[in-house]
Amino acid sequence: MLEVERLVAGYGTVPVLHEVSLTLKAGEIVGLLGANNAGKTTLINALSGMVTPSAGRILFDGEDVTHLSAKQRVEAGIVQVPEGRLVFPEMSVRENLLLGGINARARAQRPQQMDRVLDLFPRLQERLGQAAGTLSGGEQQMLAIGRGLMADAKLLMLDEPSLGLSPRFVQYIFAIVDRLHAEGLTILLVEQNLNLTLRHAGRCYVLERGHVAVEGTADVVKNDPRTRSAYLGL
């Protein structure tokens, strides 16, 4: 489904990613791991069209999307749930969700997608008229994921979904991730939490200073000494 070939990207003249390559097959959960400043967010921003690569290619469903806009990528089915949730705080939960399904491909499916999201997150059903900024952190994470699903995502990229959440909410959010995976959704799980990701992802890539340091199944990544090096600098 997704093929990233020797991707180089950064900000201005500052390089962050150095010939990063990875693949995701349809229906997989793949983990993207690494310490702070390893390049994880830069990579998914490049995948979603928020950062322009200076070299390399991004293929999605066999099509070259490297130079498509962020809007075009969402319409193709590449959807990012950003770090920190970034809900629209003064808009209601309902309005936030409807905005998620505003792209041309998803618009006709908004009623069905709304039903799906509210089935996944019953708490959002109870708060549809409530301003998103008044929700708890865990509820905002539900809303951010729900907004991504409203876009009729084929590839859902979750950027640090456990960040700032209580253990109870983390457990709940990752149960939803497992349910979405069981339904066939392809998920790129971007996390700093190594053990949490290894419990849910079938394969993982570990970034270190903008390079892929380790790749393989969860067990391979867990037992590779380079993973410890990437996290601890040892």
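Residues numbered from 1 in each chain as written. Predicted model: local features only at pLDDT ≥ 70, side-chain atom pairs only at ≥ 80, totals over all residues. Heavy atoms only, no water.

### Looking at the overall build of the protein chain
Moving on, step 1. Each helix and strand in the protein chain was counted, giving 11 helices and 10 strands.
Moving on, step 2. Here the protein chain has a C-alpha radius of gyration of 17 Å; the compact-globule value for 234 residues is 17 Å, and the two agree.
Moving on, step 3. Each principal axis of the C-alpha atoms in the protein chain carries an extent, and together these give about 50 × 40 × 30 Å.
Moving on, step 4. Pairs at least 24 residues apart make up 69% of the contacts formed inside the protein chain by residues separated by at least 6 positions.
Moving on, step 5. When the accessible surface of the protein chain is totalled, it reaches about 10700 Å², and 51% of it is carbon and sulfur. (Helix = DSSP H or I, 4+ residues; strand = E, 2+ residues; numbered from the N terminus. Rg over C-alpha atoms; globule rule 2.2 N^0.38 Å. Contact = heavy atoms within 4.5 Å. Areas by Shrake-Rupley, 256 points an atom, 1.4 Å probe, with all protein chains shown as cover.)

### Remarks on the nonpolar core
Moving on, step 1. Residues Leu97 and Leu156 are the most contacted members of the largest nonpolar core, which totals 47 residues.
Moving on, step 2. Discounting chain neighbours no more than four positions away, the residues touching Leu156 are Val79, Val81, Ile145, Gly148, Leu149, Leu180, Leu185, Thr186, Ile187 and Leu188.
Moving on, step 3. In terms of nonpolar packing, the next biggest core, distinct from the first, is built from 27 residues, Leu43, Ala46, Val51 and Val190 among them. (Core = buried A, V, L, I, M, F, W, Y, C linked by side-chain atoms within 4.5 Å. Buried < 20%, exposed > 50% of the residue type's maximum accessible area, 1.4 Å probe, protein only.)

### Some remarks on the packing of aromatic side chains
For any pair of aromatic rings, geometry is given as the distance between the ring centres together with the angle between the planes.
Moving on, step 1. Counting across every chain of the model gives 1 aromatic pair.
Moving on, step 2. The interplanar angle of 55 degrees and the centroid separation of 6.4 Å between the aromatic rings of Phe121 and Tyr172 together place this pair among those described as tilted. Pair noted here: Phe121 is in the loop between helix 5 (110-120) and helix 6 (122-126) and Tyr172 is in helix 8 (residues 167-182), with a separation of 51 residues, a long-range link.
Moving on, step 3. Note on Phe121: relative accessible area 0%, which makes it buried.
Moving on, step 4. We classify Tyr172 as partly exposed; its relative accessible area is 31%.
Moving on, step 5. The ring of Phe169 has Arg168 sitting right over it, with the charged end atom 5.0 Å from the ring centre. (Phe/Tyr/Trp six-rings, centres within 6.5 Å; stacked < 30°, edge-to-face > 60°. Lys NZ or Arg CZ within 6 Å of the ring centre and 35° of its normal.)

### Brief notes about the sheet that holds strand 2 (residues 14-24)
Moving on, step 1. Across the sheet, 4 strands lie side by side as 2-1-4-5; this open sheet has antiparallel pairing. Strands at the two margins of the open sheet, each flanked by one partner only, are strand 2 and strand 5 (63-64).
Moving on, step 2. With 5 bridges joining them, strand 1 (residues 2-11) and strand 4 (residues 55-60) adopt antiparallel strand pairing. Within the sheet, the bridge partner assigned to Glu3 lies in strand 4 and is Leu59.
Moving on, step 3. The sheet contacts of helix 1 (residues 40-48) involve strand 1, strand 2 and strand 4, and relative to strand 1 the element is tilted by about 115 degrees. (Pairing = 2+ DSSP bridges. Axes fitted to C-alpha atoms, helices over the stretch in contact; angles between N-to-C directions.)

### Considering the side chain of Arg73
Moving on, step 1. As for its position among the elements, Arg73 is in helix 2 (residues 70-76).
Moving on, step 2. For the buried Arg73, no salt bridge is present, and the opposite-charge side chain at shortest range is Asp64, 7.6 Å distant.
Moving on, step 3. There is a polar contact of 3.2 Å between the side chain of Arg73 and the backbone oxygen of Val65.
Moving on, step 4. Setting aside chain neighbours within four positions, we find Arg73 in contact with Ala46, Leu47, Ser48, Gly49, Ile58, Val65, Thr66, His67, Leu68 and Ile78. (Lys, Arg positive; Asp, Glu negative; His and termini not counted. Salt bridge = Lys/Arg side-chain N within 4 Å of Asp/Glu carboxyl O. Polar contact = N/O pair within 3.5 Å; in protein donor to acceptor, adjacent residues only side chain to side chain.)

### A few points about the environment of Ala230
Moving on, step 1. Mapped onto the elements of the fold, Ala230 is located in helix 11 (residues 225-232).
Moving on, step 2. Separated by 161 residues in the primary sequence, Ala230 and Ser69 place their C-alpha atoms 32 Å from one another.
Moving on, step 3. Non-local contacts of Ala230, meaning those with residues more than four positions away in its chain, are made with Ala35, Val206, Leu207 and Glu208.

### So, the pairing of strand 2
Residues in a regular strand point their side chains to alternate faces of the sheet.
Moving on, step 1. Strand direction decides the pairing type here: strand 1 and strand 2, joined by 7 bridges, are antiparallel. Across the sheet, residue Val4 finds its bridge partner in strand 2, namely Leu22.
Moving on, step 2. If you look at the hairpin formed by strand 1 and strand 2, you'll find 2 residues sitting between the two strands, and Gly12 has a positive phi there, around 65 degrees.

### Regarding the packing of helix 5 against helix 8
Moving on, step 1. With their axes 11 Å apart at the nearest point, helix 5 and helix 8 run at an angle of 135 degrees to one another. Here helix 8 runs oblique to helix 5, going by the angle between their axes. Contacts between helix 5 and helix 8 involve Arg116, Asp119 and Leu120 from the former and Tyr172, Ile176, Arg179 and Leu180 from the latter.
Moving on, step 2. The residue inventory of the contact of helix 5 with helix 8, partitioned by class, reads 4 nonpolar, no polar and 3 charged. (Parallel < 35°, antiparallel > 145°, perpendicular 65-115°, else oblique. Nonpolar A, V, L, I, M, F, W, Y, C, P; charged D, E, K, R; others polar.)

### Quick word on helix 3 (residues 93-100)
Moving on, step 1. Those residues of helix 3 that fall on the buried side of the exposure criterion are Val93, Asn96, Leu97 and Gly100. Mapping the buried residues of helix 3 onto a view down its axis gives an arc of 95 degrees, with all of them on the same face.
Moving on, step 2. Buried residues in helix 3 make contact with helix 5, helix 6 and helix 7 (137-150). (Arc of directions from axis to C-beta.)

Just geometry here; none of it tells us what the structure is for.
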